[in-house]
Amino acid sequence: MLYIVITYLWASILLYLLLGGADFGAGIIELFTSQKNKQITRKTLYSAIGPIWEANHMWLIIAIVILFVGFPVIYSTMSVNLHIPLTIMLIGIIARGTAFTFRHYDAVVDDMQHLYNTIFAISSFTTPLFLGIIAGSAVSGHIDPQAGSFVDAYIFSWLHWFAVTVGLFTVSICGFLASVYLIGETNIEHERLRFAHKAQFFNIAAVICGALVFIAAWFEHIPLFDWVFGNWIGRIAILSATLSLVWMWTLLYQGKISLLRPLAGFQVTMILLTTTFRHFPNIVILKGGGYLSLTEHAGQEKTIEALAWALLLGSLLILPALFYLIYSFQKKPVGYEGQLH
Amino acid sequence: MNDFIAARSQMALSLGFHIIFSCIGMVMPFFMAVAHYYYLKTGQTVYKNVTKAWSKGVAIFFATGAVSGTVLSFELGLLWPEFMKHAGPIFGMPFSLEGTAFFIEAIALGFFLYGWDRFNPWFHWFTGVVVGVSGLASGILVVAANAWMNSPAGFEHINGQYLNIDPIAAMFNEAWFSQALHMTIAAFAATGFAVAGVHALMILRGSNVLFHTKSFTIAAVFGCAAALVQPLSGDISAKDVAIRQPAKLAAMEAHFHTEKSASLIVGGIPNEAEKKVDFAIKLPGFLSFLAHGDFKAEVTGLDRIPEENHPPVAVTHYAFQIMIGMGMAMMLVSVLYFAALWKKRKWLQEPWLLKLFALATPLGFIAVEAGWTVTEVGRQPWIIYGIMRTADAVTPMPGIAYSFYLFTAIYVSLAAFVVFMLYRQIRMVGKLYDL
Ligand code: HDD
Ligand code: HEM
Ligand code: HEM
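Along each chain, residues carry numbers from 1 onward, in the same order as the chain's sequence is written. Whichever chain is written first becomes A and whichever ligand is written first becomes 1, with later ones labelled in order. In keeping with the model being predicted, local features are shown solely for residues with a pLDDT of at least 70 and side-chain atom pairs are shown and tallied solely at 80 or more, while totals for entire chains, interfaces and linings include all residues. With hydrogens and water excluded, all non-hydrogen atoms of the structure serve as input to the side-chain values.

Enquirer: Before we move on, can you summarise the interface of chain B and chain A with the specific residues and values?
Expert: Between chain B and chain A, the residue contacts involve 68 residues of the former and 64 residues of the latter. A buried area of about 6,100 Å², summed over both sides, lies between chain B and chain A, and 76% of it is on carbon and sulfur atoms. Put simply, buried area is the surface a 1.4 Å probe can reach on two separate parts but cannot reach once they are joined, added for both. It is Phe74, Phe103 and Tyr114 of chain B in chain B that bury the most area against chain A; as a group they hold 14% of the surface buried on that side. In what follows, salt bridge is the name for a side-chain nitrogen of Lys or Arg lying within 4 Å of a carboxyl oxygen of Asp or Glu. Across the chain B-chain A interface, the total number found is zero salt bridges. Labels follow the DSSP assignment, with helices taken as runs of H or I lasting at least four residues and strands as runs of E lasting at least two, numbered in each case from the N terminus. When residues of the side of chain B that touches chain A are traced back to their parent elements, those giving at least two are α2 (45–79), α3 (81–114), β2 (161–163) and α14 (400–432) of chain B. Following the grouping adopted for this structure description, the nonpolar residues are Ala, Val, Leu, Ile, Met, Phe, Trp, Tyr, Cys and Pro, the charged ones are Asp, Glu, Lys and Arg, and the polar ones are all others, Gly among them. The residue makeup of the side of chain B that touches chain A, split by class, is 46 nonpolar, 15 polar and seven charged. In this description, contact between two residues means that some pair of their heavy atoms is separated by no more than 4.5 Å.

Here you go:
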């Protein structure tokens, strides 16, 4: 039963990274789009994510609920020591969600749009940045529940190069996912080309940030290299991710778009797999070598059992409906732009 | 401001903010479903316009409700880590089911908002109903979690440890039913009155009268029906509280001394130093009746409860009075409205009735906030009644006051934005739906 719960936890984190990530990425792309192309990008973006954006963000809530019901010690330790980045991330979530909705439902179109757009783009960047920082801090060994001073306990738990580079890496992954996703969402040839360029740009950014993560890890004595390459799962995953990347670029040059999305999704899945597999079941690594483990710090058996059933039954209801939603809005009529008033 | 007070204030602010959006998120889909139904049945465009105009307002409220809810699920840990460490596994069942309900709601909302002219009309209508049903389900589930804090169940508390956890028993705790019932009706009453009030105002101003009359009628019928039964459900809640949390009941009524044939107090200023209530109107025996269904029954006063376990009396008492006052006022308006519907159709044309509704716009939400203040402040000093003190649950992180100021600023500006947005929607009704 415990493993069912852990699987769901991992899957919701992955899905949040993929779907929520593409969604964040759409805003990041906006941030990196020249003024003259912004309007059209926005249209594509809205018709692509409008109907499902609320569902995309549910994965985060599912992950949090699993964490606090099933693994309360992990949830409360992270809440205490990562209070500040969590708060910043929450502010990003508030700003982004409301700005996205306001700009499409504001009945009057005037200068306010400018404000919504700015807030949306900026928070699309900061939210995944801090998500990455939080994830990076969890495994960095910088969290110190025994810390004496304020800065040690609440600031240096997350403010260090490793976490920051993981944050930047997350941002570039989001931009990458979104560009790949949007390539298939537009019928206009030069738009498509623009998104392909964006995909390239974010791919390169991701590689650079990834390298920075390794460098930061090396300086801060985090055995990242060993986690990733020290076991066959990691090596296979990284190898296949790289191969699929090459394949993807070939397809992109040939102008074939049907396989791009699954390939991008596969790459991100492999990255998450390698980084979590080796130190599983320890998802929080504390200062001085202590850790919080999904198996040792799980709730009592009855709780886990009830949680597992709730998740299983829930997915029975959710998944078919979700697939139907995505399916229905995939085959949209040409030129359809969502509900614009 | 000390950290503990700051944490409590931040929690209260976030919940007080969220509850408005969640009430609307639970209830508006039903209003829309009715309007939508009339449109599909009669083909009158005005009903389609009402549905569409409402659905835009709802989209705004939904987004705000969803983000404020997401914030809450983190805040439970950010502010009360010690509480969540122990309570999470026990009262988590409703939250994990709620996840499903939210998810379905979000999916159905995608279908509903973006599905115009794309699906079979009745399938489209049905997705709107699903939004409402799953919204209601999530409301009921969270309230079950809150009820557990009032009436802990499903575990054994031995030497500070929480053993033999039974999440199902925790969910169906004793307070669950009365709170969920009362909350659900409150959501209908509050949203119904708020929506009816806004449309009544627009009718009085003479703009798009047909559109606003149809909207007004739907909202008013729901709101008034709920307001009529609300006091009955409140009575169930009060009887329940009397048994399960005598300290809360005593604080609600500023009932300092245990007595038989206790009198119900209306108004008044609790004087905690002298343990009496100044300037109050007393209805002898009615408190005994309210609490135990018998005019002679004994009602426990604060004197039977150790001083360190007293909730703040004044706040609880005033909040309770406000809730009852609003409830009575809304009930009165409802009686008049139903009288008008059944016997005095001509009243419906007269401005005084509409003015009354326009005045009553905020009453339901004031009552909701007051009612939650009763529930939450009346539970103090406990976060888990009788088990864990709120002061022991708070985060060790210093500087929460800044976090509170920050969130206050955010929520105030967000509220201003939502009002602004709504104002623009309403102003555009004439232009968008060329009536
Ligand atoms: C439209 C809103 C509204 C109205 C008109 C009323 N209430 Fe209420 N009341 C609520 C909205 C509310 C609430 C906000 O929904 C609460 C907070 C917690 C809950 O379950 O419901 C609540 C709580 C609440 C409680 C505390 C329950 C607990 O702590 O478990 C009691 C005893 C009452 N109410 C009693 C009444 C009575 C006797 C009313 C007679 C008019 C009344 N309420 C009208
Ligand atoms: C949405 C309606 C709600 C409102 C308006 C509300 C209001 C409040 C208020 C005013 C306080 C501060 C009480 C005080 O410190 O004196 C508070 C505290 C709190 N509430 Fe609620 N509450 C609501 C629902 C809930 C629910 C559903 C939960 C949990 C499932 C919850 C959990 C808490 C917690 C953990 C605290 C802090 C500890 C405490 O003060 O006891 N509340 N809330
Ligand atoms: C009595 C108190 C509460 C009631 C009645 C309530 C009810 C609701 C409802 C009906 C919704 C969906 C409608 C909408 O999005 O506007 C919602 C959203 C949400 N609520 Fe609450 N809630 C309460 C308190 C809480 C608390 C204490 C938490 C966190 C622990 C919470 C977490 C959430 C979340 C995460 C969402 C967003 C879900 C989505 O994206 O649709 N709520 N709430």
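Enquirer: So, unusual backbone geometry: which residues are in play, and what are the values?
Expert: All names here are of chain B. Look at the link from glutamine 380 to proline 381: it is a cis peptide, with omega at 0 degrees. Structurally, proline 381 is set in the loop between α12 (363–379) and β9 (382–384). Phi is positive for serine 261, close to 45 degrees, though the residue is something other than glycine. With respect to the secondary-structure elements, serine 261 resides in the loop between β3 (259–260) and β4 (264–266).

Enquirer: Outline the environment of serine 315 of chain A, supporting the account with residue identities and numerical values.
Expert: All names here are of chain A. Considering the arrangement of structural elements, one finds serine 315 in helix α13 (residues 301–330). Serine 315 sits 307 residues away from tyrosine 8 along the chain, and the two C-alpha atoms are 9.9 Å apart. Residues within four places of serine 315 in sequence aside, it is in contact with Tyr8 and Pro320. Polar contacts, as used here, are pairs of N or O atoms within 3.5 Å; protein pairs need one atom able to donate a hydrogen and one able to accept it. Residues neighboring in sequence count only if both atoms are side-chain atoms. Within the structure, the side chain of serine 315 is placed 2.5 Å from the side chain of tyrosine 8, a separation counted as a polar contact. Of note is the side chain of serine 315, whose polar atom sits 2.6 Å from the backbone oxygen of leucine 311.

Enquirer: With reference to specific residues and values, describe the coordination of the iron atom of ligand 3.
Expert: In this structure, the iron atom of ligand 3 receives exactly one donor atom from the protein: His18 of chain B (NE2), at 2.1 Å. Note on placement: histidine 18 of chain B falls in helix α1 (residues 3–42). Ligating atoms shown are N, O and S within 2.8 Å of the metal, or 3.2 Å for Na, K and Ca, and water is not included, meaning a site may look less than complete.

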